[in-house]
Number of protein chains: 2
Amino acid sequence: MDKEISAIQAKYEAQKIAFAPLIFQAVMALKKLGVLELMGRHYEGISIAEIIRQTGISRYGAGVLLEAVAGAGVVRYLDEHTVQLTKTGFMLHADRMTEVNLNFVNDVCYEGAKSLTGSIQSGKPVGLKKLGNWSTVYEGLSQLPDNVKESWFAFDHFYSDNAFPVALEIVFQEKPASIFDIGGNSGEWSFACCDYDGDVQLTILDLPGQLALAKRNAEARGLLPRIDFYPIDLLDERQRIPAGADAIWMSQFLDCFSEQEIRAILANVARASTPNTSIYILEPFIDNQTFEAASFCLTGTSLYFTCIANGNSKMYTLQTMTKLVQESGLTVVEVFPNIGTSYHSILKCKKS
Amino acid sequence: MDKEISAIQAKYEAQKIAFAPLIFQAVMALKKLGVLELMGRHYEGISIAEIIRQTGISRYGAGVLLEAVAGAGVVRYLDEHTVQLTKTGFMLHADRMTEVNLNFVNDVCYEGAKSLTGSIQSGKPVGLKKLGNWSTVYEGLSQLPDNVKESWFAFDHFYSDNAFPVALEIVFQEKPASIFDIGGNSGEWSFACCDYDGDVQLTILDLPGQLALAKRNAEARGLLPRIDFYPIDLLDERQRIPAGADAIWMSQFLDCFSEQEIRAILANVARASTPNTSIYILEPFIDNQTFEAASFCLTGTSLYFTCIANGNSKMYTLQTMTKLVQESGLTVVEVFPNIGTSYHSILKCKKS
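Residues numbered from 1 in each chain as written. Chains lettered and ligands numbered in written order. Predicted model: local features only at pLDDT ≥ 70, side-chain atom pairs only at ≥ 80, totals over all residues. Heavy atoms only, no water.

Q: Provide a residue-level description of the pairing of strand β8 (residues 278-284) of chain A, including the pertinent values.
A: All names here are of chain A. In terms of residue burial, β8 counts as a mostly covered element, since seven of its seven residues are buried. Side chains of β8 alternate between two faces, with Ser278, Tyr280, Leu282 and Pro284 and Ile279, Ile281 and Glu283 buried alike. Pairing analysis gives five bridges linking strand β7 (residues 247-251) to β8, with the strands arranged parallel. Bridging from a neighbouring strand, Ser251 pairs with Leu282 of β8. Crossover handedness for the path β7 to helix α14 (residues 259-271) to β8: right-handed. With six bridges joining them, β8 and strand β10 (residues 344-351) adopt antiparallel strand pairing. Across the sheet, residue Ile279 finds its bridge partner in β10, namely Cys349. (Buried < 20%, exposed > 50% of the residue type's maximum accessible area, 1.4 Å probe, protein only. Helix = DSSP H or I, 4+ residues; strand = E, 2+ residues; numbered from the N terminus. Pairing = 2+ DSSP bridges. Right-handed = clockwise from strand over helix to strand, strands pointing away.)

Q: Describe the interface of chain A and chain B, with residues and values.
A: On the side of chain B, 90 residues touch chain A, which itself brings 90 residues to the contact. Contact between chain A and chain B buries roughly 7,600 Å² in total, counting both sides, with carbon and sulfur atoms accounting for 69%. Considering only the side of chain A, the residues that lose the most area to chain B are Tyr60, Lys114 and Phe296 of chain A, jointly responsible for 11% of the buried surface there. Here chain A is connected to chain B by ten salt bridges. Here Arg59 of chain B makes a salt bridge to Glu259 of chain A, at a shortest N to O gap of 3.2 Å. Inspection of the region where chain A meets chain B yields 23 residue pairs in polar contact (both at pLDDT 80 or more). Across the side of chain A that touches chain B, the residue classes break down as 47 nonpolar, 24 polar and 19 charged. (Contact = heavy atoms within 4.5 Å. Buried area = accessible area lost by both parts, 1.4 Å probe. Salt bridge = Lys/Arg side-chain N within 4 Å of Asp/Glu carboxyl O. Polar contact = N/O pair within 3.5 Å; in protein donor to acceptor, adjacent residues only side chain to side chain. Nonpolar A, V, L, I, M, F, W, Y, C, P; charged D, E, K, R; others polar.)

Q: Please provide a residue-by-residue account of the packing of helix α2 (residues 20-32) of chain B against helix α5 (residues 59-71) of chain B, values included.
A: Each pair of packed helices can be described by the angle between their axes along with the distance between the axes. Residue and element names in this part refer to chain B. α5 packs onto α2 with a crossing angle of 125° between their chain directions and a minimal axis gap of 9 Å. By the angle between their axes, α2 is oblique relative to α5. In the packing of α2 onto α5, the handedness of the crossing is left-handed. In this structure, α2 contributes Ile23, Ala26, Val27, Ala29 and Leu30 to the contact, and α5 contributes Leu65, Leu66, Ala68 and Val69. When its residues are assigned to classes, the contact of α2 with α5 shows nine nonpolar, no polar and no charged. (Axes fitted to C-alpha atoms, helices over the stretch in contact; angles between N-to-C directions. Parallel < 35°, antiparallel > 145°, perpendicular 65-115°, else oblique. Left-handed = near helix turned anticlockwise from the far one by under 90°.)

Q: So, the sheet that holds β7 of chain A: which residues are in play, and what are the values?
A: Residues and elements named next belong to chain A. Pairing within the open sheet is mixed, and its seven strands lie in the order β6-β5-β4-β7-β8-β10-β9. Edge positions in the open sheet fall to β6 (227-231) and β9 (330-336), since each of these has one partner strand only. Going from strand to strand, the sheet's axes swing by 25° on average, the running direction of each strand aside. The strands touched by helix α13 (residues 208-220) within the sheet are β5 (201-206) and β6, with β6 carrying the most contacts at an inclination of about 165°.

Q: An account of unusual backbone geometry is requested, with residue identities and associated values reported.
A: As a rule of thumb, non-glycine residues mostly have phi less than zero, and peptide bonds are mostly trans rather than cis. For Gln252 of chain A, which is not glycine, the phi torsion reads 45° and is therefore positive. Here Gln252 of chain A shows up in the loop between β7 and α14. The backbone of Asn185 of chain B sits at a positive phi, close to 55°, despite the residue not being glycine. Counting through the fold element by element, Asn185 of chain B comes out in the loop between β4 (178-182) and α12 (188-196). When its relative accessible area of 21% is taken as the criterion, Asn185 of chain B is described as partly exposed.

Q: I'd love a proper account of the pattern of salt bridges, names of residues and values included.
A: Under the definition given, this model contains 28 salt bridges over all chains. Ionic pairing is found between Lys31 of chain A and Glu99 of chain A, a salt bridge with its closest N-O pair at 3.9 Å. With Lys31 of chain A in helix α2 (residues 20-32) and Glu99 of chain A in helix α7 (residues 96-109), this pair connects stretches of sequence that are 68 residues apart. Salt-bridge contacts for Glu99 of chain B lead to Arg96 of chain B; the nearest nitrogen and oxygen are separated by 3.2 Å. With Glu99 of chain B and Arg96 of chain B both in helix α7 (residues 96-109) and three residues apart, the pair spans about one turn of that helix. What you see here is one network of salt bridges that share partners, running through Lys31, Arg96 and Glu99 of chain A.

Q: Give a description of the packing of α14 of chain A against helix α16 (residues 318-326) of chain A that names residues and reports values.
A: Residue and element names in this part refer to chain A. It is the contact of α14 with α16, at a shortest axis distance of 9 Å, that shows an interaxial angle of 45°. Classified by the angle between their axes, α14 and α16 sit oblique to one another. Note that α14 runs across α16; the crossing there is right-handed. Along the contact surface, α14 presents Glu259, Ile262, Arg263 and Leu266, while α16 presents Thr320, Met321, Lys323, Leu324 and Val325. Looking at side-chain class alone, the contact of α14 with α16 contains five nonpolar, one polar and three charged residues.

Q: So what about the domain arrangement of chain A? Which residues, and what values?
A: If you check the domain split of chain A, you get domain 1 (2-94) and domain 2 (171-292 + 311-351). Each of domain 1 of chain A and domain 2 of chain A has a C-alpha centre, and the two are 42 Å apart. (Domains from an automatic or database assignment.)

Q: So what's going on with the relation of the copies chain A and chain B? Which residues, and what values?
A: Least-squares fitting of chain A to chain B yields an RMSD of 0.0 Å, with the transformation described by 0.0 Å of translation along the axis and a rotation of 180°. What we have between these two chains is a two-fold relation. By residue overlap, the copies meet face to face through one surface: 100% of the interface positions of chain A are interface positions in chain B. (Least-squares fit on C-alpha atoms with pLDDT ≥ 70 in both.)

Set out below in structure tokens:
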């Protein structure tokens, strides 16, 4: 589409980017002050006087916010006194994915993003300093301020939760007796497996800190008899994944690592596997999304990895991940693209 | 245009806003790291390998930045290994107005913009705290860090400088013997008047701090014999503008005040005027711009006034300013819209 826009239109698009942080914050203000919600209930249009009356914001405040976001296509003026949400504005108001993204970017990324250049130069998540003094965000997760933590987990879960129901069907086609849940984090996937199949035995492999959390969660669910906990730092190549799993599962895990690290982790997986072991990689891939909006969110999320999370990981393409799998002694035997209503695909792999 | 976009397109547009701060910082990084400049010299397309070689950034860094801004229409992939600036990308690289806006938003506004909601609620520029402990940005101008100061003045001058040549012709049509330059700031307009007309006598009216700067500048130019300096705080209604001017000039001055304050200032001007005094108001107006991009920049700039500058002023419409003029005992006798190549209009007014 861009090929056809005029220079005048391109200059406008460039200004939208130049003023983007202010427009973003104007949208957040309209959300927080209840204006988008009110306009959503009056989708046919509402007078600015009524907005002022019902939300209690100043006439000045309503003026600057609405005028600015009108130029960004969020609202339109029906006449001098009346405004209406556009379709884009309605998405900003009512769409859950958009809300999750807005809160994640504002609470987790906004301030640290200013250090993106330095993060690229150093290979470190320099922006993370705005949240705390850790070397990766994963170290600090449990210590994040409440609103930041809430936005982080809402973002993390929103995308993977939609994938789990279909993922369970795929993994249990082969009736595995034991599953290793690598990078199992808070345990959500393992608990879902226990619910789905009354016989399967799980092992969560993760850093000791994460395991402690998963263990508490498992205990609360009465699942301790069915889940083992195996502390491991997969960035330390001397630490080996044990043998014995029928299935090895990695959900939204490999995108937390660089290509080199992924190769090392997958080689570790390969060594722990037999020809009968099925390895499942669940990831959202940039290059096989149905909707442009989804791949845009993924590439935007990569910037979060750069300046906040760890400084060296990203969302990958299916093509790159397939190459990394092959370079690590594994073979992709089946691809399940964009399962369920999710943006995630499953790569089923076997030892080469 | 928005009326016709699909829900799917609207969802994409909403994500562009949700990830806007990250995309903005990715563009800044591509500028700072020399990638946009390099791509501008290879407008036909350039390999990512060549970008890495010539700029020294990592393959990872090039990947995350280029993938993210591709989704925002800044670059396009010609194939897997080759990228090209879009027209929008070219504007972000080469257009001076866009550069001035990018630097202004990044250096002056970015961090403080997060306090936009609080600024609207309190009527105070809460975000200014990120730059220093002043009640308005004007108090702190001389103490801003160098890069912030540079971006602020570049923004301030970029827009008004284009207007001055034609403005001089308009004001000197009547051969005024004396001009009052209200809110004359560093003195640029008064110096331009002295250059333009060998006889005219100027008086700069401003806060004492600003006057000191203007005086130093006038001295350096040898213009002290032709310029008087009149200290005045126009927010204090007891302080009166003296009589005696043939012309009264206010350049990009009234947008620093709320509507109520503007009425008080204009009433002060009216009291100092006779029926023969010509009053000139130079302002960029939201509602009479030729290009959508220009009115978008103005409404975006209003948000800066809200969260950084003073908490209560904005860019106005021609309609609103005309109303304020009328309510203050003055009459607009002529409008000179978007003079020269500028976004500024002149309202010529007389005492009613």
